[in-house]
Amino acid sequence: EAQVTQNPRYLITVTGKKLTVTCSQNMNHEYMSWYRQDPGLGLRQIYYSMNVEVTDKGDVPEGYKVSRKEKRNFPLILESPSPNQTSLYFCASSSTGAPVLHFGNGTRLTVT
Amino acid sequence: QKEVEQNSGPLSVPEGAIASLNCTYSDRGSQSFFWYRQYSGKSPELIMSIYSNGDKEDGRFTAQLNKASQYVSLLIRDSQPSDSATYLCAINLTGNQFYFGTGTSLTVIP
């Protein structure tokens, strides 16, 4: 089954404790992206990647890191999480030939 | 100026009525346009994509695009309670740059 898989689905952590949210897709998509979704603000792009070893900042990259060492994986790293990073996070992917985004199931992160 | 603007609603319609959702965008270079449906706490799922001016129909859903007016709409005919969700309008610029509106909350009243 073609899908984008995010883990974990729920995560509660404390300020400053490094964490990684994983994202993997099995559709051989070139493009992958991370979004956060907050009430009243919609989906905002954090980082995106056009292909392996190519990443770029989105609209809200502060406090986040990403890497794209393999085509299928695009982890989101929070080196020192803060409470303002409490949000619902989505990973998405698409093919450059057909720009339709496929979303993962989301990760609800709470930072206390 | 936001790239994509939507009325946040909430929009309420009775069951069986037509729900009309609207979206405007600012970048005339926008090439592709999408409507996603999102249930609370779930991921967005694609309902419609439209690439050229005019109407595109898929079952109870019709997307309408007017590039001159920079306007995209979604009509849902014979609305059902299961259509109650937030509807996200999205545009695609060159490459894979996507921009989303903040969404319109729709409630279909039985």
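Conventions used here
- Residues numbered from 1 in each chain as written.
- Chains lettered and ligands numbered in written order.
- Predicted model: local features only at pLDDT ≥ 70, side-chain atom pairs only at ≥ 80, totals over all residues.
- Heavy atoms only, no water.
- Helix = DSSP H or I, 4+ residues; strand = E, 2+ residues; numbered from the N terminus.
- Rg over C-alpha atoms; globule rule 2.2 N^0.38 Å.
- Buried < 20%, exposed > 50% of the residue type's maximum accessible area, 1.4 Å probe, protein only.
- Areas by Shrake-Rupley, 256 points an atom, 1.4 Å probe, with all protein chains shown as cover.
- Lys, Arg positive; Asp, Glu negative; His and termini not counted.
- Charge placed at Lys NZ, Arg CZ, Asp CG, Glu CD.
- Disulfide = S-S within 2.5 Å.
- Pairing = 2+ DSSP bridges.
- Contact = heavy atoms within 4.5 Å.
- Buried area = accessible area lost by both parts, 1.4 Å probe.
- Salt bridge = Lys/Arg side-chain N within 4 Å of Asp/Glu carboxyl O.
- Nonpolar A, V, L, I, M, F, W, Y, C, P; charged D, E, K, R; others polar.

### Quick notes on the overall build of chain A
Now for step 1: Tallying secondary structure elements over chain A gives zero helices and 11 strands in all.
Now for step 2: For chain A, the C-alpha radius of gyration of 13 Å lies close to 13 Å, the compact-globule estimate for 112 residues.
Now for step 3: By principal-axis analysis of the C-alpha atoms, chain A measures approximately 40 × 25 × 25 Å.
Now for step 4: Out of the 112 residues in chain A, the part that is buried amounts to 51%.
Now for step 5: Total accessible area computed for chain A in this model is approximately 5300 Å², and 50% of it derives from carbon and sulfur atoms.
Now for step 6: Between the centroid of the 12 positive side chains of chain A and the centroid of its 9 negative side chains there is a distance of 6 Å.

### Some thoughts on the state of the cysteines
Residue and element names in this part refer to chain A.
Now for step 1: Evaluation of the coordinates by the stated rule reveals two disulfides over all chains.
Now for step 2: The disulfide partner of Cys23 is Cys91, and the S-S distance across this bridge is 1.8 Å. One quick way to see it: the torsion about the S-S bond of Cys23 and Cys91 is about -75 degrees, and its sign makes the bridge left-handed. With Cys23 in strand S3 (residues 19-25) and Cys91 in strand S9 (residues 87-95), this pair connects stretches of sequence that are 68 residues apart.

### Notes on the sheet that holds strand S7 (residues 65-66) of chain A
Note: strands within a sheet are paired through backbone hydrogen bonds, in either parallel or antiparallel orientation.
Residue and element names in this part refer to chain A.
Now for step 1: Within the open sheet, the four strands sit side by side as S1-S3-S8-S7. Their pairing is antiparallel. A single partner strand is all that each edge strand has here, and the edge strands are strand S1 (4-7) and S7.
Now for step 2: Two elements, S3 and strand S8 (residues 76-78), share three bridges in a ladder whose sense is antiparallel. Each bridged residue has a counterpart across the sheet, and for Thr20 the counterpart in S8 is Ile77.

### Remarks on the interface of chain B and chain A
Now for step 1: Across the contact, 20 residues belong to chain B and 22 residues belong to chain A.
Now for step 2: When the two sides are added together, the surface that chain B and chain A hide from each other amounts to roughly 1600 Å², 56% of it contributed by carbon and sulfur.
Now for step 3: Where chain B packs against chain A, one counts zero salt bridges.
Now for step 4: Sort the elements by how many residues they give to the side of chain B that touches chain A and strand S4 (residues 32-38) of chain B lands first, with four residues.
Now for step 5: By residue class, the composition of the side of chain B that touches chain A is nine nonpolar, 10 polar and one charged.

### A short note on the environment of Leu19 of chain A
All names here are of chain A.
Now for step 1: Mapping Leu19 onto the fold places it in strand S3.
Now for step 2: A residue is classified by how much of its surface remains accessible, and Leu19, at 7% relative accessible area, is buried.
Now for step 3: Separated by 60 residues in sequence, Leu19 and Glu79 place their C-alpha atoms 6.6 Å apart.
Now for step 4: When residues no more than four places from it in sequence are discounted, the contact partners of Leu19 are Leu11, Thr13, Leu76, Ile77, Leu78, Pro81 and Leu109.

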